Amino acid sequence: MQAQNPQKQRPKISKKAWISETAIIIGNVHIGDNVYVAHNAIIRADEPCSSIVISNGCNVQDNAIIHAISHSQVLIGPETSLAHGCIVHGPCKIGAGCFIGFGSVVFDSIIGDDTLVMHNATVRKIIVPDGKVIPDGMAISKQAVVEDLDTVTPDLAEFKGSVVKANIDLVHGYQALEMEV
C-alpha cells in the first residue's frame, strides 16, 4: 500500500524498484532504482516535516520498519541492506554499503559507509565511523564505546555484498514475473 501523509505528500518510487504488495509506504518517501522492498515492510514519513530517502540498490527486507519522526530525516545510502525485522528510526543517516542485521534497532545515529550492525544490536545517539562492526546483540549508546569496535573483515565484506546482489537479483526476477502476466 502506498498512501499520502496528512500533509498530502505521496511516495516517489522509481519504476526500476520492486515493492511488495504487502509493504506499506506512506508520505514523503523517495525510493531509488533497483531497490527491493519486501513483504510487510513499513516505511513511514507521515509526521510533519519528516522524510525518508532510500538510495539505489538498497533492500528493505521482510518486516523491517523505517520511520521518521517530526522534523527529522532518514537517509539510507546506496547498496545498504536492512535485514528482516530491523527498525531504523529517524533522525538517522546510514551510509553506503551498510548492513543492518535481523532485529537490530538504529535510532538518532549516523552510521558510516561499509559498516555492519549485526543481528539484534541496538545503536542510539552515536556516530559510527566507516568500516566498523557492531557485534550481535551489542547495545551502544555511549560514543566512547565506538573506539573499541572491530573493523570489517574480508568475509563480512563479502557477506554484505552477497546480500545486496541477492536482493537486486530479486528486483529483476520479480519485475520479469510481472512482465509475463
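Everything that follows concerns the structure shown earlier in this document.
All figures in this text were calculated on a predicted structure; none of them were measured in a lab.

Participant: Explanation requested: the nonpolar core in the structure shown.
Facilitator: Generally speaking, nonpolar side chains in soluble globular proteins are found buried as a group. Counting 38 residues, the largest nonpolar core has I31, I43 and I54 as the members making the most contacts within it. The set of elements that each furnish at least two residues to this core consists of β5 (29-31), β7 (42-45), β8 (51-54), β10 (65-68), β11 (73-76), β13 (87-94) and β15 (105-111). In terms of residue count, β13 provides more of this core than any other element does, three residues in total. Apart from the residues within four sequence positions on either side, I31 is in contact with K12, I13, S14, A17, I19, I25, V37, I43 and I54.

Participant: Can you walk me through unusual backbone geometry in this structure?
Facilitator: Glycine aside, residues mostly have negative phi, and peptide bonds are mostly found in the trans state. Residue G90 is joined to P91 through a cis peptide bond whose omega torsion reads 15 degrees. Inspection of the secondary structure puts P91 in strand β13. The phi dihedral of N34 is positive, around 55 degrees, even though this residue is not glycine. On the accessibility criterion, N34 (25% relative accessible area) is partly exposed. Phi at E79 takes a positive value of approximately 55 degrees, unusual for a residue other than glycine. Its place among the elements puts E79 in the loop between β11 and β12 (81-82).

Participant: What is the right way to read the sheet that holds strand β14 (residues 99-100) from this model?
Facilitator: Sheets are built from strands that pair by backbone hydrogen bonding, the pairs being arranged parallel or antiparallel. Read across the open sheet, the eight strands follow the order β3-β6-β9-β12-β14-β16-β19-β21; overall the sheet is mixed. Of all the strands in the sheet, just β3 (18-19) and β21 (150-151) have a single pairing partner and so form its edges. Pairing between β3 and strand β6 (residues 36-37): two bridges, direction parallel. Residue pairing for β6: I19 is matched across the bridge by V37.

Criteria and thresholds
Residues numbered from 1 in each chain as written. Predicted model: local features only at pLDDT ≥ 70, side-chain atom pairs only at ≥ 80, totals over all residues. Heavy atoms only, no water. Core = buried A, V, L, I, M, F, W, Y, C linked by side-chain atoms within 4.5 Å. Buried < 20%, exposed > 50% of the residue type's maximum accessible area, 1.4 Å probe, protein only. Helix = DSSP H or I, 4+ residues; strand = E, 2+ residues; numbered from the N terminus. Contact = heavy atoms within 4.5 Å. Pairing = 2+ DSSP bridges.

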